[in-house]
Amino acid sequence: MPSNLNPLGALPFRFRRQRVLIVGCGDVGLRVARQLPSRLKLIALTSSAERVEALRRAHITPLQGNLDAPATLRRLAGLATRVVHLAPPPGDNPNWRSDPRTLALLRALRLRSLPMSLVYGSTSGVYGDCGGERVDETRRLNPHTPRSQRRVHAEAQVRLFGRATGTPVHILRIPGIYAPDREGGTPRARLLKGTPVLRREDDVYTSHIHADDLARACLAALWRGKPQRITHASDDTRLLMGDYFDLAADLYRLPRPPRVARDAASQQLSLMLLSFMSESRQLDNQRLKKELRLALRYPTVTEGLRA
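Keep in mind that what you see is a predicted model, and the values were worked out from it rather than measured. (Residues numbered from 1 in each chain as written. Predicted model: local features only at pLDDT ≥ 70, side-chain atom pairs only at ≥ 80, totals over all residues. Heavy atoms only, no water.)

Moving on: the overall build of the protein chain. Along its length, the protein chain carries ten helices and 15 strands. For the protein chain, with 307 residues in total, the buried portion stands at 50%. At a minimum sequence separation of 6, the contacts of the protein chain that also span at least 24 residues come to 75%. Of the roughly 15,800 Å² of accessible surface on the protein chain, a fraction of 52% belongs to carbon and sulfur atoms. (Helix = DSSP H or I, 4+ residues; strand = E, 2+ residues; numbered from the N terminus. Buried < 20%, exposed > 50% of the residue type's maximum accessible area, 1.4 Å probe, protein only. Contact = heavy atoms within 4.5 Å. Areas by Shrake-Rupley, 256 points an atom, 1.4 Å probe, with all protein chains shown as cover.)

This is the structure:
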(Lines give C-alpha, C1' and ligand atoms only; values in the text may rest on other atoms or scores of the structure.)
Protein backbone atom coordinates (compact mmCIF):
# COMPACT_ATOMS: atom_id res chain seq x y z
CA MET A 1 0.00 0.00 0.00
CA PRO A 2 1.40 3.44 -0.88
CA SER A 3 2.40 5.44 2.18
CA ASN A 4 -0.10 8.20 1.42
CA LEU A 5 -2.92 5.64 1.54
CA ASN A 6 -1.63 3.88 4.62
CA PRO A 7 -3.81 4.81 7.63
CA LEU A 8 -0.63 4.98 9.70
CA GLY A 9 0.92 7.48 7.30
CA ALA A 10 4.45 7.25 5.87
CA LEU A 11 6.48 4.83 7.92
CA PRO A 12 9.77 6.09 9.43
CA PHE A 13 12.97 4.60 8.04
CA ARG A 14 13.50 2.28 11.01
CA PHE A 15 10.26 0.49 10.13
CA ARG A 16 11.08 0.23 6.41
CA ARG A 17 14.29 -1.70 7.13
CA GLN A 18 14.20 -5.46 7.45
CA ARG A 19 14.02 -6.23 11.17
CA VAL A 20 15.15 -9.60 12.52
CA LEU A 21 13.95 -10.63 15.97
CA ILE A 22 15.96 -13.31 17.78
CA VAL A 23 14.10 -15.02 20.60
CA GLY A 24 16.46 -17.03 22.78
CA CYS A 25 19.58 -15.05 21.86
CA GLY A 26 22.19 -17.24 23.51
CA ASP A 27 25.34 -18.59 21.88
CA VAL A 28 23.69 -19.64 18.61
CA GLY A 29 21.53 -16.51 18.47
CA LEU A 30 24.62 -14.31 18.76
CA ARG A 31 26.26 -16.29 15.96
CA VAL A 32 23.19 -15.69 13.81
CA ALA A 33 23.45 -11.97 14.54
CA ARG A 34 27.15 -11.85 13.61
CA GLN A 35 26.44 -13.38 10.20
CA LEU A 36 23.74 -10.85 9.29
CA PRO A 37 24.61 -7.72 7.28
CA SER A 38 24.82 -4.42 9.14
CA ARG A 39 22.02 -2.86 7.10
CA LEU A 40 19.52 -4.98 9.00
CA LYS A 41 17.92 -3.99 12.28
CA LEU A 42 18.64 -6.70 14.87
CA ILE A 43 16.42 -7.10 17.93
CA ALA A 44 16.73 -9.67 20.72
CA LEU A 45 14.16 -10.52 23.34
CA THR A 46 15.74 -10.89 26.79
CA SER A 47 14.29 -11.44 30.24
CA SER A 48 17.56 -10.45 31.93
CA ALA A 49 18.46 -6.82 32.59
CA GLU A 50 22.08 -7.94 33.01
CA ARG A 51 22.24 -8.93 29.33
CA VAL A 52 21.13 -5.59 27.94
CA GLU A 53 24.60 -4.05 27.70
CA ALA A 54 26.15 -7.20 26.23
CA LEU A 55 23.52 -7.26 23.49
CA ARG A 56 24.10 -3.59 22.71
CA ARG A 57 27.83 -4.23 22.38
CA ALA A 58 26.95 -6.90 19.82
CA HIS A 59 25.00 -4.22 17.87
CA ILE A 60 21.68 -5.80 18.83
CA THR A 61 18.75 -3.79 20.18
CA PRO A 62 17.62 -5.47 23.42
CA LEU A 63 13.92 -5.71 24.14
CA GLN A 64 13.05 -6.78 27.65
CA GLY A 65 10.26 -9.31 27.93
CA ASN A 66 9.63 -12.72 29.38
CA LEU A 67 8.16 -15.67 27.53
CA ASP A 68 6.81 -16.90 30.86
CA ALA A 69 4.89 -13.61 31.30
CA PRO A 70 2.78 -13.18 28.12
CA ALA A 71 1.70 -9.65 29.05
CA THR A 72 5.31 -8.48 28.58
CA LEU A 73 5.35 -9.66 24.95
CA ARG A 74 2.80 -7.25 23.48
CA ARG A 75 5.60 -4.98 22.23
CA LEU A 76 6.62 -7.77 19.82
CA ALA A 77 3.45 -7.30 17.78
CA GLY A 78 4.33 -6.00 14.31
CA LEU A 79 7.92 -5.36 15.39
CA ALA A 80 9.89 -7.79 13.22
CA THR A 81 9.80 -8.77 9.58
CA ARG A 82 11.58 -12.08 10.32
CA VAL A 83 11.80 -14.13 13.52
CA VAL A 84 14.32 -16.74 14.72
CA HIS A 85 12.89 -18.63 17.70
CA LEU A 86 15.58 -20.53 19.62
CA ALA A 87 14.17 -20.38 23.16
CA PRO A 88 13.72 -23.77 24.85
CA PRO A 89 10.47 -24.84 26.53
CA PRO A 90 10.32 -24.44 30.32
CA GLY A 91 11.63 -27.38 32.28
CA ASP A 92 9.26 -26.96 35.23
CA ASN A 93 5.91 -26.57 33.50
CA PRO A 94 3.16 -28.45 35.40
CA ASN A 95 1.70 -29.46 32.05
CA TRP A 96 4.88 -31.29 31.06
CA ARG A 97 3.73 -32.10 27.53
CA SER A 98 3.28 -28.48 26.39
CA ASP A 99 5.42 -25.43 25.63
CA PRO A 100 3.57 -22.31 26.83
CA ARG A 101 6.52 -20.10 25.83
CA THR A 102 6.12 -20.80 22.12
CA LEU A 103 2.36 -20.39 22.41
CA ALA A 104 2.77 -16.98 24.12
CA LEU A 105 5.23 -15.81 21.45
CA LEU A 106 2.99 -16.82 18.56
CA ARG A 107 -0.02 -15.13 20.14
CA ALA A 108 1.96 -11.90 20.46
CA LEU A 109 3.12 -12.08 16.83
CA ARG A 110 -0.49 -12.36 15.64
CA LEU A 111 -1.61 -9.10 17.25
CA ARG A 112 -0.47 -6.85 14.35
CA SER A 113 1.31 -7.28 11.01
CA LEU A 114 2.74 -10.77 10.64
CA PRO A 115 6.42 -11.57 10.03
CA MET A 116 7.54 -12.53 6.54
CA SER A 117 9.10 -15.75 7.86
CA LEU A 118 9.72 -17.60 11.10
CA VAL A 119 12.32 -20.26 11.93
CA TYR A 120 11.99 -22.50 14.97
CA GLY A 121 14.91 -24.45 16.42
CA SER A 122 13.62 -27.82 17.63
CA THR A 123 15.48 -31.03 18.52
CA SER A 124 16.15 -34.38 16.87
CA GLY A 125 14.95 -35.94 20.13
CA VAL A 126 11.39 -35.82 18.79
CA TYR A 127 12.10 -39.10 16.97
CA GLY A 128 12.96 -41.02 20.12
CA ASP A 129 14.97 -44.23 19.72
CA CYS A 130 15.23 -45.35 16.09
CA GLY A 131 17.49 -48.36 16.68
CA GLY A 132 20.38 -46.73 14.84
CA GLU A 133 18.43 -46.38 11.59
CA ARG A 134 18.97 -43.57 9.14
CA VAL A 135 16.20 -41.00 9.64
CA ASP A 136 14.83 -38.36 7.27
CA GLU A 137 12.33 -35.58 7.97
CA THR A 138 9.32 -37.75 7.12
CA ARG A 139 10.00 -40.14 10.01
CA ARG A 140 7.09 -40.57 12.40
CA LEU A 141 7.61 -38.78 15.71
CA ASN A 142 8.04 -40.93 18.81
CA PRO A 143 9.24 -38.74 21.72
CA HIS A 144 10.33 -40.69 24.79
CA THR A 145 11.07 -37.89 27.27
CA PRO A 146 9.13 -34.92 28.67
CA ARG A 147 11.76 -32.64 27.07
CA SER A 148 11.06 -33.99 23.57
CA GLN A 149 7.30 -34.10 24.21
CA ARG A 150 7.39 -30.35 24.80
CA ARG A 151 9.27 -29.85 21.53
CA VAL A 152 6.64 -31.83 19.64
CA HIS A 153 3.98 -29.52 21.09
CA ALA A 154 6.00 -26.44 20.11
CA GLU A 155 6.48 -27.71 16.55
CA ALA A 156 2.74 -28.32 16.22
CA GLN A 157 1.98 -24.79 17.42
CA VAL A 158 4.47 -23.27 14.97
CA ARG A 159 3.07 -25.23 12.03
CA LEU A 160 -0.51 -24.32 13.02
CA PHE A 161 0.54 -20.65 13.16
CA GLY A 162 1.95 -20.94 9.65
CA ARG A 163 -1.17 -22.58 8.23
CA ALA A 164 -3.58 -20.23 9.99
CA THR A 165 -1.81 -16.99 9.10
CA GLY A 166 -0.05 -17.86 5.85
CA THR A 167 3.32 -17.01 7.41
CA PRO A 168 6.15 -19.14 5.96
CA VAL A 169 7.52 -21.16 8.89
CA HIS A 170 10.48 -23.51 8.83
CA ILE A 171 11.49 -25.94 11.59
CA LEU A 172 15.08 -27.04 12.14
CA ARG A 173 15.57 -30.28 14.08
CA ILE A 174 18.90 -29.95 15.83
CA PRO A 175 21.17 -32.65 17.37
CA GLY A 176 24.15 -31.99 19.66
CA ILE A 177 25.82 -28.61 19.09
CA TYR A 178 29.60 -28.29 19.30
CA ALA A 179 32.18 -25.51 18.97
CA PRO A 180 35.50 -24.90 20.77
CA ASP A 181 34.40 -21.37 21.72
CA ARG A 182 31.02 -22.48 23.08
CA GLU A 183 30.44 -23.23 26.76
CA GLY A 184 30.22 -27.00 27.04
CA GLY A 185 30.78 -27.16 23.30
CA THR A 186 33.44 -29.88 23.40
CA PRO A 187 33.70 -33.22 25.25
CA ARG A 188 37.00 -32.20 26.90
CA ALA A 189 35.56 -31.66 30.38
CA ARG A 190 33.84 -35.03 30.28
CA LEU A 191 37.04 -36.71 29.13
CA LEU A 192 38.99 -35.11 31.97
CA LYS A 193 36.45 -36.53 34.44
CA GLY A 194 36.85 -39.99 32.95
CA THR A 195 33.10 -40.37 32.40
CA PRO A 196 32.51 -43.81 30.85
CA VAL A 197 30.82 -44.53 27.54
CA LEU A 198 28.94 -47.60 26.42
CA ARG A 199 30.74 -50.65 25.09
CA ARG A 200 30.41 -51.12 21.35
CA GLU A 201 27.66 -53.75 21.45
CA ASP A 202 25.48 -51.40 23.53
CA ASP A 203 26.50 -48.13 21.87
CA VAL A 204 24.23 -45.65 20.11
CA TYR A 205 24.60 -43.42 17.05
CA THR A 206 24.77 -39.70 17.68
CA SER A 207 24.65 -36.66 15.38
CA HIS A 208 26.17 -33.20 15.70
CA ILE A 209 26.28 -29.73 14.16
CA HIS A 210 28.88 -26.98 14.56
CA ALA A 211 27.37 -23.86 16.13
CA ASP A 212 28.48 -21.64 13.20
CA ASP A 213 26.95 -24.07 10.69
CA LEU A 214 23.73 -24.04 12.70
CA ALA A 215 23.66 -20.24 12.52
CA ARG A 216 24.11 -20.44 8.74
CA ALA A 217 21.29 -22.99 8.59
CA CYS A 218 19.01 -20.63 10.52
CA LEU A 219 19.67 -17.86 8.00
CA ALA A 220 19.24 -20.15 5.00
CA ALA A 221 15.89 -21.29 6.40
CA LEU A 222 14.87 -17.72 7.26
CA TRP A 223 15.37 -16.41 3.71
CA ARG A 224 15.54 -19.45 1.43
CA GLY A 225 13.81 -22.27 3.26
CA LYS A 226 10.62 -23.65 1.77
CA PRO A 227 7.57 -22.71 3.83
CA GLN A 228 5.93 -25.18 6.22
CA ARG A 229 8.92 -27.51 5.98
CA ILE A 230 11.21 -29.33 8.41
CA THR A 231 14.98 -29.70 7.94
CA HIS A 232 17.63 -31.63 9.85
CA ALA A 233 20.43 -29.26 10.89
CA SER A 234 23.12 -31.92 11.08
CA ASP A 235 26.61 -32.49 9.72
CA ASP A 236 27.88 -35.51 7.78
CA THR A 237 29.33 -37.48 10.68
CA ARG A 238 27.86 -40.90 11.42
CA LEU A 239 29.60 -42.01 14.59
CA LEU A 240 28.76 -44.20 17.51
CA MET A 241 28.91 -42.13 20.68
CA GLY A 242 31.89 -44.08 22.02
CA ASP A 243 33.80 -43.61 18.77
CA TYR A 244 33.08 -39.88 18.93
CA PHE A 245 34.59 -39.64 22.41
CA ASP A 246 37.56 -41.80 21.39
CA LEU A 247 38.23 -39.46 18.47
CA ALA A 248 37.99 -36.42 20.74
CA ALA A 249 40.33 -38.01 23.28
CA ASP A 250 42.92 -38.70 20.58
CA LEU A 251 42.71 -35.11 19.32
CA TYR A 252 43.12 -33.75 22.85
CA ARG A 253 45.83 -36.32 23.63
CA LEU A 254 43.85 -37.53 26.61
CA PRO A 255 43.09 -41.09 27.73
CA ARG A 256 40.16 -42.66 25.97
CA PRO A 257 37.09 -43.02 28.23
CA PRO A 258 36.39 -46.40 29.84
CA ARG A 259 33.75 -48.59 28.20
CA VAL A 260 30.98 -50.10 30.30
CA ALA A 261 27.92 -52.25 29.73
CA ARG A 262 24.53 -50.55 29.74
CA ASP A 263 23.59 -52.11 33.09
CA ALA A 264 26.72 -50.70 34.70
CA ALA A 265 26.14 -47.28 33.09
CA SER A 266 22.75 -46.99 34.79
CA GLN A 267 24.56 -47.08 38.15
CA GLN A 268 27.34 -44.64 37.25
CA LEU A 269 25.80 -41.94 35.05
CA SER A 270 23.20 -39.20 35.53
CA LEU A 271 19.66 -39.60 34.26
CA MET A 272 20.33 -36.89 31.66
CA LEU A 273 23.30 -38.76 30.19
CA LEU A 274 21.40 -42.04 30.30
CA SER A 275 18.53 -40.47 28.35
CA PHE A 276 20.95 -39.53 25.54
CA MET A 277 22.45 -43.02 25.61
CA SER A 278 19.02 -44.63 25.25
CA GLU A 279 18.33 -43.19 21.78
CA SER A 280 20.17 -44.14 18.60
CA ARG A 281 19.59 -42.58 15.17
CA GLN A 282 21.49 -41.26 12.14
CA LEU A 283 20.09 -38.03 10.75
CA ASP A 284 19.84 -37.63 7.00
CA ASN A 285 20.92 -34.08 6.10
CA GLN A 286 20.32 -34.02 2.33
CA ARG A 287 17.63 -31.36 2.63
CA LEU A 288 19.96 -29.08 4.63
CA LYS A 289 22.70 -29.46 2.02
CA LYS A 290 20.27 -28.42 -0.69
CA GLU A 291 19.09 -25.35 1.28
CA LEU A 292 22.67 -24.26 2.03
CA ARG A 293 23.77 -24.76 -1.58
CA LEU A 294 20.91 -22.52 -2.67
CA ALA A 295 21.87 -19.90 -0.08
CA LEU A 296 25.54 -19.96 -1.08
CA ARG A 297 24.68 -19.07 -4.68
CA TYR A 298 24.35 -15.50 -3.36
CA PRO A 299 26.94 -13.24 -1.67
CA THR A 300 24.92 -13.65 1.55
CA VAL A 301 21.81 -15.59 2.35
CA THR A 302 20.05 -12.23 2.67
CA GLU A 303 20.80 -11.06 -0.87
CA GLY A 304 17.08 -11.14 -1.59
CA LEU A 305 16.62 -8.15 0.71
CA ARG A 306 17.41 -5.80 -2.17
CA ALA A 307 14.40 -7.00 -4.10
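In this section: the nonpolar core. Soluble globular proteins tend to pack their nonpolar side chains together in the buried interior. Among the nonpolar cores identified, the biggest contains 28 residues, and Val 20, Val 32, Leu 36, Leu 172 and Leu 214 are the most heavily contacted of them. At the level of elements, β1 (19-23), α1 (27-34), β2 (41-46), β7 (169-174) and α6 (211-223) are the ones that each hand at least two residues to this core. Take this core: its biggest share by element is eight residues, from α6. Excluding residues that lie within four positions of it along the chain, Val 32 makes contacts with Ile 22, Ala 215, Cys 218 and Leu 219. In this structure, Leu 76, Leu 79, Ala 80 and Ile 230 belong to the second largest nonpolar core, which totals 25 residues. (Core = buried A, V, L, I, M, F, W, Y, C linked by side-chain atoms within 4.5 Å.)

Next up on the list: the side chain of Thr 46. Locating Thr 46 in the fold gives a position in strand β2. Take Thr 46: its relative accessible area is 5%, and that puts it in the buried class. A polar side-chain atom of Thr 46 sits 3.1 Å from the main-chain amide nitrogen of Ser 48. Beyond its immediate stretch of four places on either side in the chain, Thr 46 contacts Arg 51, Leu 55, Pro 62, Leu 63, Gln 64 and Gly 65. (Polar contact = N/O pair within 3.5 Å; in protein donor to acceptor, adjacent residues only side chain to side chain.)

The next point concerns α1. Every buried residue belonging to α1 is among Val 28, Gly 29, Arg 31, Val 32 and Ala 33, and all of these are buried. Buried residues along α1 sit against β1, β2, β8 (176-178), β11 (208-210) and α6.

A regular strand carries its side chains on alternate faces of the sheet. Across the five residues that make up β1, a large majority, five, are buried. A two-sided burial pattern is seen for β1, the buried positions comprising Arg 19, Leu 21 and Val 23 on one face and Val 20 and Ile 22 on the other. For β1 and β2, the ladder comprises five bridges, and the chain directions are parallel. Considered in β2, the bridge of Arg 19 is made with Lys 41. You can see the chain leave β1, run along α1 and come back into β2, and the turn it takes is right-handed. Across four bridges, β1 lies against strand β4 (residues 82-85) in parallel orientation. Residue pairing in the sheet places Val 23 in a bridge with His 85 of β4. (Pairing = 2+ DSSP bridges. Right-handed = clockwise from strand over helix to strand, strands pointing away.)

With respect to the helices, strands and loops of the structure, Arg 139 is situated in the loop between β6 (134-135) and α4 (146-165). Taking the C-alpha atoms as reference points, Arg 139 and Tyr 127, separated by twelve residues in sequence, lie 7.3 Å from one another. In this structure, Arg 139 is in contact with Tyr 127, Cys 130 and Glu 133, ignoring residues within four places of it in sequence. Within the local environment of Arg 139, its side chain forms a polar contact with the side chain of Glu 133, the two groups lying 2.7 Å apart.

Now for the sheet that holds strand β12 (residues 229-232). Here we have seven strands laid out as an open sheet, ordered β3-β2-β1-β4-β5-β7-β12, and parallel in their pairing. Of all the strands in the sheet, the pair left with one neighbour each is β3 (61-64) and β12. Adjacent strand axes in the sheet meet at a mean angle of 20° when their direction is disregarded. Across the sheet, α6 lies against β1, β4, β5 (117-123) and β7, angled at about 160° from β7, the strand it touches most. (Axes fitted to C-alpha atoms, helices over the stretch in contact; angles between N-to-C directions.)

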